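Commentary on secondary and tertiary structure
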Amino acid sequence: MAARHGDEDGPGSGAGPASHPTSSASASASTGSAGSGLASDPASRSGRSASASGPEGFGSAGSAPGGSAAASASGEPETIKTITLDDIRGAQKTLSGISRLTALEGSRYLSGLVGSPVHLKCENLQRTGSFKLRGGYVRISGLSPEERAAGVVAASAGNHAQGVALAASLLGVRSTVFMPEGAPLPKIAATRDYGAEVRLRGQIVDETMRAAQEYAERTGAVFIHPFDHPDIIAGQGTVGLEILEQCPEVRTVVVGIGGGGLAAGIAVAVKALRPDVRVVGVQAEGAAAYPPSLAAGRPVSIEAPVTMADGIKVGRPGDVPFQIIDDLVDEVRTVTEDELSSALLLCLERAKLVVEPAGASPVAALLSAPESFEGPVVAVLSGGNVDPLLMQRILRHGMAAAGRYLSLRLRLTDRPGALATLLGVLSTLDANVLDVSHVRTNPRLGLSEAEVELHLETKGTDHCEEVREALRGAGYTVMA
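Nothing here was measured: the structure is a model prediction, and the numbers come from that model. (Residues numbered from 1 in each chain as written. Predicted model: local features only at pLDDT ≥ 70, side-chain atom pairs only at ≥ 80, totals over all residues. Heavy atoms only, no water.)

Between helix α2 (residues 85–94) and helix α10 (residues 238–246), the shortest axis-to-axis distance is 9 Å and the interhelical angle comes to 85°. Taken together, the axes of α2 and α10 lie roughly perpendicular to each other. Taken together, the residues of α10 that come into contact with α2 (itself represented by L85, I88, R89, A91 and Q92) are T238, L241, E242 and E245. Looking at the contact of α2 with α10, its residues break down into four nonpolar, two polar and three charged. (Axes fitted to C-alpha atoms, helices over the stretch in contact; angles between N-to-C directions. Helix = DSSP H or I, 4+ residues; strand = E, 2+ residues; numbered from the N terminus. Parallel < 35°, antiparallel > 145°, perpendicular 65-115°, else oblique. Contact = heavy atoms within 4.5 Å. Nonpolar A, V, L, I, M, F, W, Y, C, P; charged D, E, K, R; others polar.)

Another point: the sheet that holds strand β6 (residues 175–179). Across the sheet, which stays open at both edges, the four strands sit in the order β7-β6-β5-β8 with parallel pairing between neighbours. Edge positions in the sheet fall to β7 (197–200) and β8 (222–223), since each of these pairs with one other strand and no more. Relative to β7, β6 is paired through four bridges, and the arrangement is parallel. Directly across from T176, in β7, lies its bridge partner E197. Against the sheet, helix α6 (residues 159–170) contacts β5 (152–155) and β6, and its axis sits at roughly 165° relative to β5. (Pairing = 2+ DSSP bridges.)

Before going further, it helps to examine the side chain of H455. If you trace the backbone, H455 turns up in strand β15 (residues 449–457). In this structure the side chain of H455 is engaged in a polar contact, spanning 2.9 Å, whose partner is the side chain of S407. At a separation of 3.5 Å, a polar atom in the side chain of H455 contacts the side chain of E453. With residues up to four places along the chain from it excluded, the contact list for H455 reads Y405, L406, S407, N432, V433, L434 and D435. (Polar contact = N/O pair within 3.5 Å; in protein donor to acceptor, adjacent residues only side chain to side chain.)

A few words on the sheet that holds strand β4 (residues 118–122). In space, the six strands of this open sheet follow the order β3-β4-β12-β9-β10-β11, with mixed pairing throughout. Strand pairing shows two members of the sheet lacking a second neighbour, β3 (104–106) and β11 (331–335), which therefore form its edges. Direction aside, the axes of adjacent strands within the sheet are offset by 25° on average. Strand direction decides the pairing type here: strand β9 (residues 252–256) and strand β10 (residues 278–284), joined by five bridges, are parallel.

By the secondary structure assignment, D387 is in the loop between β12 (377–381) and α16 (388–401). Note on D387: relative accessible area 15%, which makes it buried. Between the C-alpha atoms of D387 and A183, which are 204 residues apart in sequence, the distance is 9.4 Å. (Buried < 20%, exposed > 50% of the residue type's maximum accessible area, 1.4 Å probe, protein only.)

One pass over the full model with this rule turns up two aromatic pairs. Residue placement shows R333 over the ring face of F373; its charged tip is 4.3 Å from the ring centre. (Phe/Tyr/Trp six-rings, centres within 6.5 Å; stacked < 30°, edge-to-face > 60°. Lys NZ or Arg CZ within 6 Å of the ring centre and 35° of its normal.)

Looking now at the nonpolar core. Grouped together as the largest cluster of nonpolar side chains are 67 residues, with contacts concentrated most on I140, V152, I266 and V380. If you tally residues by element for this core, the top one is helix α11 (residues 261–273), at 10 residues. If we ignore the near neighbours within four places in the chain, the residues touching V380 are K121, V239, I243, V253, V254, V255, L262, I266, G359 and P362. Core analysis: the second largest hydrophobic core is formed by 37 residues, V335, C347, A358 and V363 among them. (Core = buried A, V, L, I, M, F, W, Y, C linked by side-chain atoms within 4.5 Å.)

Here helix α4 (residues 132–141) crosses α6 at 45°, and the two axes come no closer than 8 Å. Classified by the angle their axes make, α4 and α6 are oblique. With respect to the hand of their crossing, α4 and α6 are arranged in right-handed fashion. Taking contact as the criterion, the partners of K132, L133, G136, Y137 and I140 in α4 are, on α6, N159, H160, G163, V164, L166, A167, A168 and L170. Residue composition of the contact of α4 with α6, by class: eight nonpolar, four polar and one charged. (Left-handed = near helix turned anticlockwise from the far one by under 90°.)

And the structure:
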């Protein structure tokens, strides 16, 4: 479900005392070069070596501002524009009155696990429900009058679609957004509500992307890439400036990575002002293109990425963000589907925040290895657009991963009162029965047997095992 918090009212400030900006980020600018997108001492980043291009950039510093990478005949970029702190500060001015200064909320539970303060940067409460408005608006605002007249086109399963649609509407530009045919209905409706013409093409985002690019070639509309453009990265980098303003004592920033635009932008801003701050990227284990790419020293593709976190389900890093992440991000970790669903459940229950799986990935990393993060920590909740049906499945998955939801099948003698006896055993174990399915006719069952499938609410992994053992002890054959 698209999280739309007062979009028509314009930007507002985040709640809580931590959400008010201070001048500390500007005061700390002396620790880095105001015009450089790189840390002043690249070799100090946890053993990561400095880029061969030197500490002033990772591409052609002479490229025109806002320009995209020059493409070779093979389609690979030959030069990539340097993205600097000044670019991001310029983007921040462009976004004044457009994007929200989202709240920085403390998490007592995560702070207890990590052993130092943990704050959540709530981009799930940004206009359109994610950070994507930032980059989309900066990119479209930089188009020439002729380009604006031709309109813009984008491809997305949700967050980028809504960000581009709203940005284009605010700038008076016609937008067409291609979405997969199976995109959740709430996301399609929200994108249309923001003013875009929505066209459904393809079963997967790669097919949708090709359809959007073909439309751009045919009509002259400007294709707005979700992450592989300097203006997009500069816009997303404003999140990093806000983090330093809201939490000047931060030691670690944790952010999810798909194509890499958000992580790259944050890394440029943070490392330019505070090279001592550690930046950690997080990917879903089944869609982790960055670890093999970083090992190869260039973007490489992975086949058929699979994860519930569709916001970071990207099969190949972007050329522009890859070079930044290779230079500036200290570490890229992966998290499992169980860890993602547990993190989403924690955000909902403990922080009272609706967060999509991609947005919960930094929290998943904190849950998986809390002792490995130096605090204070800021975890970026990048988005909150999640389909209600998917949310229902994820919550059930998260409860199961946390040992609070138990599904099992067992066999019992098919006689009157047998089911009542079973339920009586469960009541003594303090297991809440959510659902019961009683099967008597099945080829695998004997004439005097019945099979029962149970869904139980439990109190943790120890309680789950206690329930299983008690049922076995009562003479039941537990199948799962």
